[in-house]
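Each chain, letter by letter, is given below.
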Amino acid sequence: MEFTVGKLDLVRELSLTQGVVEKKSTIPILANILLEAHGDRLTLTATDLELGIRCSCPARVKKEGAGTVPARRLLDYVRLLPEADITIKFLENHWANLTCGRSRTKMAGMSRESFPELPVMPEAVAQIPYKQLSSMISRTVFAISMEESRFTLNGALLVLQDGAITMVSTDGHRLAYIQNVLADGDAHSFRALVPRKAMGEIVKLADEGTADDKVSLAGDDNHLFFKFGERLLITRKLTGNFPDYERVLPKENTHIATLAKLEIRSAIERVAQFADERSKAIRVQFSPGEVRVFSSSVETGESEENVPSEYKGPELEIGFNAQYLLDFLRAISQDQVAFALKDEKSAGELQPASTESINGHYRYVVMPMRI
Amino acid sequence: MKTIFHVDMDAFFVSVEELFDPSLRGKPVVVGGQYDERGVVSAASYAARKFGVHSAMPLRTAYKMCPLAIFVDGHPERYREYSKRAYTVLQSFSPLVEMASIDEAYLDMTGTERLHGPPLRAAHALHSAMHARTGLNCSVGIATSRLVAKVSSDQAKPNGILWIIPGQEARFLAPLEVRKIPGVGKVTEKNLHELGLRRVGDLAALDEKYLERRFGKWGLALAGKSQGLDAGGWFDTEVGEREDPKSISHEHTFNVDTADVDTLESTLAKLSEMVGRRLREHGLYTRTVQLKLRYSDFTTITRAHSMDRATQIDTDLFEQVRVLFRGNWKAGMTIRLLGVQTSSFEKLQGQMDLLDGGHHDKWREALNAADRLRDKYGESAVSLAAGMKGRFRERTHENPAGLPGKEPRRD
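How each quantity is defined
- Residues numbered from 1 in each chain as written.
- Chains lettered and ligands numbered in written order.
- Predicted model: local features only at pLDDT ≥ 70, side-chain atom pairs only at ≥ 80, totals over all residues.
- Heavy atoms only, no water.
- Helix = DSSP H or I, 4+ residues; strand = E, 2+ residues; numbered from the N terminus.
- Rg over C-alpha atoms; globule rule 2.2 N^0.38 Å.
- Buried < 20%, exposed > 50% of the residue type's maximum accessible area, 1.4 Å probe, protein only.
- Contact = heavy atoms within 4.5 Å.
- Areas by Shrake-Rupley, 256 points an atom, 1.4 Å probe, with all protein chains shown as cover.
- Lys, Arg positive; Asp, Glu negative; His and termini not counted.
- Charge placed at Lys NZ, Arg CZ, Asp CG, Glu CD.
- Buried area = accessible area lost by both parts, 1.4 Å probe.
- Salt bridge = Lys/Arg side-chain N within 4 Å of Asp/Glu carboxyl O.
- Polar contact = N/O pair within 3.5 Å; in protein donor to acceptor, adjacent residues only side chain to side chain.
- Pairing = 2+ DSSP bridges.
- Phe/Tyr/Trp six-rings, centres within 6.5 Å; stacked < 30°, edge-to-face > 60°.
- Lys NZ or Arg CZ within 6 Å of the ring centre and 35° of its normal.
- 1 Å grid on protein atoms, 1.4 Å probe; cavity = no way out; pocket = protein on both sides within 12 Å on 5 of 7 lines; lining within 4 Å.
- Points joined across faces, edges and corners; volume = space filled by probe spheres on them.
- Nonpolar A, V, L, I, M, F, W, Y, C, P; charged D, E, K, R; others polar.
- Core = buried A, V, L, I, M, F, W, Y, C linked by side-chain atoms within 4.5 Å.
- Axes fitted to C-alpha atoms, helices over the stretch in contact; angles between N-to-C directions.

(A) Highlighting the overall build of chain B. When helices and strands are counted, chain B shows 15 helices and 13 strands. Relative to the compact-globule value of 22 Å for 411 residues, chain B shows a C-alpha radius of gyration of 23 Å, a close match. Projected onto the principal axes, the alpha-carbon positions of chain B cover approximately 65 × 55 × 45 Å. A buried classification covers 49% of the 411 residues belonging to chain B. In chain B, 67% of the contacts between residues at least 6 apart in sequence involve partners at least 24 apart. Of the roughly 19700 Å² that chain B leaves accessible, carbon and sulfur atoms contribute 51%. Here chain B carries 58 positive and 54 negative side-chain charges, and the mean point of each set is 3 Å from the other.

Listed below in structure tokens is the structure:
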């Protein structure tokens, strides 16, 4: 195999694949990237067996073929080359010969035969705008559980139904729910659990597109496919039953405190400095016209702040994990938030509130702490 | 200078049994089980001790030494009840009372002279009050340190009071065998004997640097102890100072090694329950659960898991420890010992759960009720169904759950 490719093209595609390359693999081939030259394109493939990615860029192909080289080393080296064309030729012993201007390098490679085959993408079930999918992910990904033993919570639920797209994540302490209208008349009903790692890669790939670009979504029994133009991300589905989230979405939270997001956010950020480091517990006191946030810890001291609020409900003092509240307050773009409550022992709910119309429906449910 | 009392109940388990059956009085009595049973002596009356019977001795051996002894089953719930009564008496003498086990306590009596008079008079009043209000005898040791107080109560036994006048500590200890120093067990005793050190005085005469070279940190503690100072381990803490434990664990050695999955898993359930009970007693929530597993050939493994939220619920502990067990036991290999340990404690349950539908709270209430039943009727009064098969009889124990003065804090 022999081909010539522009440095910038190669660096861009290689960078997009790095997140998928297995870093501490016991299977050496997974640290490699598969390069395939065919027609007038170069295709790059990486996988860690959970996640796979296939990218491509234009190339002048002299001789078609395939080979693999260590992905990280290839990127590190190519980045240092001048902005010029790079010619790569694979030798009989699976080594790759790289030439660029006056630079000549031979890289140890491995045969493409040992590289795993990626599944083939079936017919797409829906087209989702890049920006829509990416913003739904960034509003839910932080609520995914880090506890590996709760494997059905190690990803987000994605549901397509009745012209709506919904994404839900929870770690058992809080839950993020977002629903948007899906402007794709042909979309099928669809339901799957998307692993956390795949969500991160989706956001990266979506950043490369424009406002009009759409992702093609497809699934087979074990995999999910997200096609971003010429780039394809494949992930194993998480198996198991996602909890019945509709049951825990509050229905009786009638006491509502509306707050200026920046005010409450910076108040919590400051007060949280004096919360117990491990539990991050702060107390939030709701009184008519005002919300008071305070913390105290034997080791560090105590801190409190008042934020004005249109609150007409009863006096309530509730403990919350400051980090959980901040995750939400940092994820929204609106300037107002509404905090809906029932009592000290029931889940509280946060929603963006804004004078301008809000696109879609975003709900964040947080269980209190006993303090 | 401090005034510390060490109050030690005389032949506690036997004395309590005598209250329930006065015909036992003055006779050789062995508490712990019947003469032909497996198990060990929990306590022996003074009359039985004359025959060489002592606690921790197998029951069958005790029978050989003293065939005429009356063998009585232990009644842990009775001992707990009387321990509580004794604690109440002690509390009327000083606010600083620390139960060191079910039948002994330290009192910090410093500064009570104007209320109770000089040490010997206070001790006499305490001694009489104890007998009047519990029907039990005790011995009292008085000294400037916990260590010397403990040693002197031992010398005062039975039914006596011994005051070591300040300044006389080293002279009092010097003629005693090194074994009498709290903390010196079989191993240290043997090591000291090898060096020709038999009396506490031999030890006190040595340069502490020498002991440090020989025994490290423990050597320094020994040097201090031989002078009558509180040194090493919890002797360094003040009386009544509550130190939260760093870990809580329970282990069980099988009478016969086993590879039976049901027996092993239900033993783990039982151990998880025992650990859960201790956690609730201390008002602590754990994040880390560890399994200890010893095969018949004595190879031992420990495997731990940290949870994303703290718990004190038996079933949560069991669930974690069972996963560890199933993932690490070489199926079919016979096991000698299983243990469940918890650590990384938090004082608050903290984060409530969104998905469990109040399940956790229901367990909490049920277990609190179960604990109250156990306080009243003994440890085996209630148990998890999963742990029934792994049940072993509650040993009459000097440090049972439900020790008075160690109730959970209700914050």
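There is more to say, and it comes next.
(B) Layout of the interface of chain A and chain B. Counting residues at the interface gives 25 residues for chain A and 20 residues for chain B. Here chain A and chain B share an interface that buries about 1800 Å² over both sides, 54% of which is from carbon and sulfur atoms. Where chain A meets chain B, there are zero salt bridges. Summed over the shared surface of chain A and chain B, the result is six residue pairs in polar contact (both at pLDDT 80 or more). Looking at the side of chain A that touches chain B, the elements that each hand over two or more residues are β13 (174-181), α5 (245-248) and β26 (369-370) of chain A. Where β26 of chain A meets strand β13 (residues 350-351) of chain B, two bridges bridge the pair, whose relative direction is antiparallel.

(C) Up close: the packing of aromatic side chains. The full count for this structure, using the stated rule, is 16 aromatic pairs over all chains. Three or more aromatic residues joined by ring pairs make a cluster, and in this case those are Phe142, Phe328, Tyr362 and Tyr364 of chain A. Lying over the aromatic face of Phe294 of chain A, Arg292 of chain A brings its terminal NZ or CZ to 4.0 Å of the ring centre. Between the NZ or CZ atom of Arg146 of chain B and the centre of the ring of Tyr106 of chain B, over which it lies, the distance is 4.7 Å.

(D) Quick peek at empty space enclosed by the protein. Taken as a whole and judged by the stated rule, the model has four cavities of 30 Å³ or more. Roughly 50 Å³ of volume is contained in the largest cavity. What lines the largest cavity is Val7, Met9, Phe12, Ser83, Ala86, Leu90, Met99, Ile102, Asp103, Glu104, Ala105 and Met130 of chain B. Among the secondary structure elements, those contributing two or more residues to the lining of the largest cavity are β1 (4-9), α4 (76-91) and β6 (104-108) of chain B. Ranked by the residues each element gives to the lining of the largest cavity, the list is headed by α4 of chain B, at three residues. Grouping the constituent residues of the lining of the largest cavity by class yields nine nonpolar, one polar and two charged. There is about 50 Å³ of room inside the second largest cavity. The set of elements that each furnish at least two residues to the lining of the second largest cavity consists of α6 (261-271), α7 (322-331) and β23 (336-341) of chain A.

(E) Structural context of the pattern of salt bridges. Residue and element names in this part refer to chain A. Going through the model one piece at a time under the given rule, you end up with 33 salt bridges over all chains. One salt bridge in this structure joins Arg12 and Glu13, with 3.1 Å as the shortest N-O distance. For Glu13, a relative accessible area of 1% translates into the label buried. Here Lys204 and Glu201 are joined by a salt bridge, their closest N and O atoms 3.2 Å apart. You can see Lys204 and its partner Glu201 sitting in helix α4 (residues 196-206), three residues apart, about one turn around the helix. Overall, the relative accessible area of 37% leaves Lys204 in the partly exposed class.

(F) Main features of the side chain of Glu201 of chain A. Given a relative accessible area of 5%, Glu201 of chain A falls into the buried group. For Glu201 of chain A, the contacting residues outside a window of four places in its chain are Leu16, Gly19, Val20, Leu51 and Leu233 of chain A.

(G) How the structure looks around the nonpolar core. Residues Leu35, Phe226 and Phe286 of chain A are the most contacted members of the largest nonpolar core, which totals 97 residues. When residues in this core are grouped by element, the largest group, seven residues, is from α7 of chain A. The residues touching Phe226 of chain A, leaving out its near neighbours within four places in the chain, are Leu133, Val194, Ile202, Val215, Ser216, Leu217, Arg231, Leu232, Leu233 and Thr235 of chain A. Counting residues in each nonpolar core, the second largest holds 35 residues, with Ala11, Leu126, Ala129 and Met130 of chain B among its members.

(H) The sheet that holds β23 of chain A, seen in detail. Residue and element names in this part refer to chain A. An order of β14-β11-β12-β13-β25-β24-β23-β18 is seen for the eight strands of this open sheet, with the pairing classed as antiparallel. Unpaired on one side and paired on the other, β14 (190-195) and β18 (255-260) mark the two borders of the sheet. Sheet twist, expressed as the average angle between the axes of neighbouring strands with direction ignored, equals 20°. Direction of pairing for strand β11 (residues 155-161) relative to β14: antiparallel, over a ladder of six bridges. Bridge assignment links Leu157 to a residue of β14, and that residue is Leu193. Docked against the sheet, α4 engages β11, β12 (164-170) and β14, running at close to 95° with respect to β14. Its contacts with the sheet place α7 against β13, β23, β24 (348-353) and β25 (361-366), and it is angled at close to 165° to β25.

(I) Region of interest: the environment of Asp108 of chain B. All names here are of chain B. Within the element layout of this structure, Asp108 appears in strand β6. Along the sequence, Asp108 and His6 sit 102 residues apart, while their C-alpha atoms lie 9.0 Å from each other. In terms of polar contacts, Asp108 uses its side chain to reach the side chain of Lys2, at 3.3 Å.

Shape is all these values report; function is a separate question.
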